[in-house]
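Read off the chains here:
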Amino acid sequence: MKRSVVFVVAVLLLPACGKPPEGVLVRGARDVTAMVPFDGGLLYGERTTGRILDLDGKVHARVRVSSKGQRGLLGLAVDEDRNIFASWTRPDLRLVVAKVAPGPQRLVWLGPRSTDLYTGGHIAISPEDGVLAVGVGDLQDPGAVSDSKAPNGKILKLDPDGGPDQKWTSYSYGWNNPFAFDFTEFGALWLADNAPGGGRERLGRADPVGPNTYLPSRTAPSGLAVAGDKVFVCGFRTRLLLRYRVLRNQAARPEGPPVARDCLLGVVELEDGRLAYSTGTSIKAVYPES
């Protein structure tokens, strides 16, 4: 009889339908800010060390960073050929984007001098045309946001095969610190923008700008993931991972309770349907509808 009880309990503890379990994927990481799905798993970057690792602990690349203020290793992206791209602030404080693996490092874009706040630096590759998008904050110069020749406050389009002096175009402008953004599978770009001081923080389309949904006060969005018709936003201040449903008019409506209450520095959708998010020193996985 005791064996039967133990067997039943063990079965109940297995993930339903053979799905991968929720829980901690990585422990003891150092300020995880950048994440991207990779080979059925995940690549992640440590902001202060410049290391880029997978879930097995293998280091795929390492870059030299300045991590003062909001600087450091800030973004990761992987193209369909498994080329790994990263964005970071170098010791000379320039924001750069480069192909970092496999093979030798190749600079894709030499960006502006970073600032302690509102540097941006998140990157993503459009599934529609392979464009490499990078968000640049206002660099503590809000007057430059409306300057079409300045990268400040814009989501830029880069050619991943281009060189460091390539001419960029932009998806949109008028942002404070566009760090939290993601593409849908059809190439639509969603963005959650930080706001200075007590300003209202916006969630919406950024290609071009669509209807705004305002985030809860003092969210400080630090990550965004699109999964189907849902958008998930991580708040640096609130630490909440919130779910929004995309409506037909391309606005977004809050839906349900928080998915997690310890999300700090980013969120991505994994290939198995789970969301991976960073608590800063760990990476956790959760199902979006759990």
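Fair warning: this is a prediction, and the values are worked out from it, not measured in the lab.

**A word on the nonpolar core**
Ranked by size, the top nonpolar core spans 17 residues in total, and within it Leu43, Ile52, Leu73, Leu76, Ala86, Trp88 and Val100 carry the most contacts. Contributions of two or more residues to this core are made by β2 (32-38), β6 (73-78), β7 (84-89) and β8 (94-101). A total of four residues in this core trace back to one element, the largest contributor, which is β8. The contacts of leucine 76, once residues within four sequence positions are left out, are Ala34, Met35, Val36, Leu43, Tyr44, Gly45, Ile52, Phe85, Ala86 and Ile123. Counting 16 residues, the second largest nonpolar core, distinct from the first, contains Phe85, Trp109, Ile125 and Phe179.

**Side note on the sheet that holds β6**
One open sheet holds the four strands; their spatial order is β6-β7-β8-β9, and the pairing between them is antiparallel. Among the strands making up the open sheet, the edge pair consists of β6 and β9 (106-113). Averaged over all pairs of adjacent strands, the angle between strand axes in this sheet comes to 15°, irrespective of strand direction. Inspection of the sheet shows β8 paired to β9 by five bridges, in the antiparallel sense. Each bridged residue has a counterpart across the sheet, and for lysine 99 the counterpart in β9 is arginine 106.

**What to know about the pattern of salt bridges**
In total, this model carries 14 salt bridges according to the counting rule given. Measuring nitrogen to oxygen at the nearest pair gives 2.6 Å for the salt bridge that ties aspartate 229 to arginine 245. Linking aspartate 229 in the loop between β18 (221-227) and β19 (230-235) with arginine 245 in strand β20 (residues 241-246), this pair joins segments that are 16 residues apart in sequence. Of the residues examined, aspartate 229 reaches a relative accessible area of 37% and is grouped as partly exposed. Between lysine 284 and aspartate 262 there is a salt bridge; the shortest N-O distance is 2.6 Å. Residue lysine 284 is found in strand β24 (residues 282-286), and its partner aspartate 262 is found in the loop between β21 (252-254) and β22 (267-269); the two are separated by 22 residues along the sequence.

**Some points on the sheet that holds strand β23 (residues 275-278)**
Spatially, four strands are ordered β1-β24-β23-β22 in an open sheet, and the strand pairing comes out antiparallel. Across the chains shown, the open sheet's two edge strands, defined by having one partner strand only, are β1 (23-27) and β22. Within this sheet the neighbouring strands show an average axis-to-axis angle of 20°, counted without direction. As defined by bridge partners, β23 adjoins β24 across four bridges and the pair is classed as antiparallel. Each bridged residue has a counterpart across the sheet, and for leucine 275 the counterpart in β24 is valine 286.

**Section: the state of the cysteines**
Taken as a whole, this structure holds one disulfide when the rule is applied. Here cysteine 234 pairs with cysteine 263 through a disulfide, and the sulfurs are 2.2 Å apart. Its S-S torsion of about -120° marks the bond between cysteine 234 and cysteine 263 as left-handed, since a negative value means left-handed. Linking cysteine 234 in strand β19 with cysteine 263 in the loop between β21 and β22, this pair joins segments that are 29 residues apart in sequence. Cysteine 263 sits in the buried class, given a relative accessible area of 0%.

Analysis parameters
- Residues numbered from 1 in each chain as written.
- Predicted model: local features only at pLDDT ≥ 70, side-chain atom pairs only at ≥ 80, totals over all residues.
- Heavy atoms only, no water.
- Core = buried A, V, L, I, M, F, W, Y, C linked by side-chain atoms within 4.5 Å.
- Buried < 20%, exposed > 50% of the residue type's maximum accessible area, 1.4 Å probe, protein only.
- Helix = DSSP H or I, 4+ residues; strand = E, 2+ residues; numbered from the N terminus.
- Contact = heavy atoms within 4.5 Å.
- Pairing = 2+ DSSP bridges.
- Axes fitted to C-alpha atoms, helices over the stretch in contact; angles between N-to-C directions.
- Salt bridge = Lys/Arg side-chain N within 4 Å of Asp/Glu carboxyl O.
- Disulfide = S-S within 2.5 Å.

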